[in-house]
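Here is how the chains run, residue by residue.
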Amino acid sequence: MLVRGASLSYVIRVDPLVPAEVDDPLVAGSGFGSSGSVLEELIKRLAQNHPLFKSDDAAVSSLLEEAVRGTRFEATIKTFTKRKQGRNAYLTIVSSHAGVDK
Amino acid sequence: MVFNHQENINFFQNAPQMGLSPVQYACLSAEGLATVESFLDFEEDDLDSAARNLRVAIPAVPEIMNAVDPLLVAFPPVPPAIPACTMPANCLKHLNIASVAYHYYIYIGREPTPVNMNFTRVLRGFHIEAEAIKKLAKQTKPDVPVLNKNTPPNKWLESFRDCL
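Residues numbered from 1 in each chain as written. Chains lettered and ligands numbered in written order. Predicted model: local features only at pLDDT ≥ 70, side-chain atom pairs only at ≥ 80, totals over all residues.

**Quick look at the overall build of chain B**
Next up, step 1: A tally of helices and strands in chain B yields six helices and two strands.
Next up, step 2: Counted from the first residue to the last, chain B has its helices and strands arranged as α-α-α-β-β-α-α-α.
Next up, step 3: Its C-alpha atoms give chain B a radius of gyration of 24 Å, more than 25% over the compact-globule value 15 Å for 164 residues.
Next up, step 4: Taking the principal axes of the C-alpha coordinates as reference, chain B spans close to 90 × 35 × 30 Å. (Helix = DSSP H or I, 4+ residues; strand = E, 2+ residues; numbered from the N terminus. Rg over C-alpha atoms; globule rule 2.2 N^0.38 Å.)

**Some words on the overall build of chain A**
Next up, step 1: The number of helices and strands found in chain A is four helices and zero strands.
Next up, step 2: Of the regular secondary structure in chain A, the N- to C-terminal order runs α-α-α-α.
Next up, step 3: In terms of overall dimensions, chain A has C-alpha extents of about 50 × 35 × 20 Å along its principal axes.
Next up, step 4: Residues classed as buried in chain A amount to 32% of the 102 residues present.
Next up, step 5: Put simply, 57% of the contacts in chain A that link residues at least 6 apart link residues at least 24 apart. (Buried ≥ 20, exposed ≤ 12 C-beta atoms within 10 Å, placed from the backbone. Contact = placed C-beta atoms within 7 Å.)

**Re the nonpolar core**
Next up, step 1: Within the largest apolar cluster, 54 residues are counted, with the highest numbers of intra-cluster contacts made by Leu64 of chain A together with Ala98 and Ala101 of chain B.
Next up, step 2: If you tally residues by element for this core, the top one is helix α4 (residues 89-107) of chain B, at nine residues.
Next up, step 3: When residues of this core are assigned to domains, at least three map to each of domain 1 (3-45) and domain 2 (53-97) of chain A.
Next up, step 4: The contact partners of Ala101 of chain B, leaving out residues within four places of it in the chain, are Gly31 of chain A together with Met117, Leu123 and Phe126 of chain B. (Core = buried A, V, L, I, M, F, W, Y, C linked by C-beta atoms within 7 Å. Domains from an automatic or database assignment.)

**Re the interface of chain B and chain A**
Next up, step 1: Each partner contributes to the interface: chain B provides 31 residues, whereas chain A provides 33 residues.
Next up, step 2: Broken down by secondary-structure element, the contributors of at least two residues to the side of chain B that touches chain A are α4, α5 (119-138) and α6 (153-162) of chain B.
Next up, step 3: Looking at the side of chain B that touches chain A, the element that brings in the most residues is α5 of chain B, giving nine residues.
Next up, step 4: Split by residue class, the side of chain B that touches chain A holds 19 nonpolar, six polar and six charged. (Nonpolar A, V, L, I, M, F, W, Y, C, P; charged D, E, K, R; others polar.)

**Here we look at the environment of Thr120 of chain B**
Next up, step 1: Looking at the element boundaries, Thr120 of chain B is found in helix α5.
Next up, step 2: Considered as a pair, Thr120 of chain B and Pro16 of chain B are 104 residues apart in the sequence and their alpha carbons are 6.4 Å apart.

**Some details on helix α1 (residues 38-45) of chain A**
Next up, step 1: Counting buried positions along α1 of chain A gives six out of eight residues, so the element sits mostly inside the fold.
Next up, step 2: Its buried side turned inward, α1 of chain A meets α5 of chain B.

**Focus: unusual backbone geometry**
Residue and element names in this part refer to chain A.
Next up, step 1: Backbone geometry at Lys84 places phi at a positive 60°, although glycine is not the residue there.
Next up, step 2: Note that Lys84 resides in the loop between α3 (74-82) and α4 (86-97).
Next up, step 3: Look at Lys84 and you get partly exposed, because 17 C-beta atoms sit within 10 Å.

**Topic: the domain arrangement of chain A**
Next up, step 1: Domain annotation for chain A reports domain 1 (3-45) and domain 2 (53-97).
Next up, step 2: Placing the centre of domain 1 of chain A and that of domain 2 of chain A at their C-alpha centroids yields a distance of 24 Å.

**So, α5 of chain B**
Next up, step 1: Those residues of α5 of chain B lying buried are Phe119, Val122, Leu123, Phe126, His127 and Ala130 of chain B.
Next up, step 2: Considering only its buried residues, α5 of chain B is in contact with α1 of chain A together with α4 of chain B.

**Some thoughts on the packing of α4 of chain B against α5 of chain B**
Residue and element names in this part refer to chain B.
Next up, step 1: Where α4 meets α5, the axes come as close as 10 Å, and the angle between the chain directions of the two elements is 80°. Considered as vectors, α4 and α5 are oriented roughly perpendicular to each other. Of α5, the residues touching α4 (which contributes His94, Ile97, Ala98, Val100 and Ala101) are Phe119, Leu123, Phe126, His127 and Ala130.
Next up, step 2: For the contact of α4 with α5, the class distribution of residues is eight nonpolar, two polar and no charged. (Axes fitted to C-alpha atoms, helices over the stretch in contact; angles between N-to-C directions. Parallel < 35°, antiparallel > 145°, perpendicular 65-115°, else oblique.)

Below is the structure:
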């Protein structure tokens, strides 16, 4: 299925909410809005309250766990990786170690 | 309801759209795909099954009268007979693309409409992108970059996004 083959990037997008269709209408003659492509549209608009989000969130969590294993960053996200919350773990790394004030 | 009766007929029967004949459309309706909204229950495998089923005619079942009182109907008739027909490959391809597009719109919180389900103007281009995404998904993803002293978080974030 197209949707399941889409990038996991939608899990870590900044805004968890999907914009209303009125605010983000489709570009005439295409299947996407302001995102500019079908792939970007999936990343921007796939709902994070969908039943399959949980498994995607867990997949991101596993990738993050692999990335920080044995490093000083591991402790920062341990709470979230234990609960398989990839999105929260990612946002924690961003805010703790890669924020604008870092 | 976004698609009215006439729009559904136009969608399934107009040549640039699904291009089904009235008989093929009637047969497909008997399989459960009568409206655009029915795509919710029809994915690629289901469409293949429906196309296979269309090749077999289903005869009408006549009424069965009560054995004791011949004026009473024991079992009502099951009309009408469904004729056998074939589904051209081109139509089946269009239906598959429309099904993928329909599910895509639902997943991204957009309502499928006669405008965004137009095959010539939208779905043809959508199909090209959808196929590219499917190929991309099959490609081997790069290894997860390790976050360490040599790769600070700012640089690591960019490469991490690439492996998702």
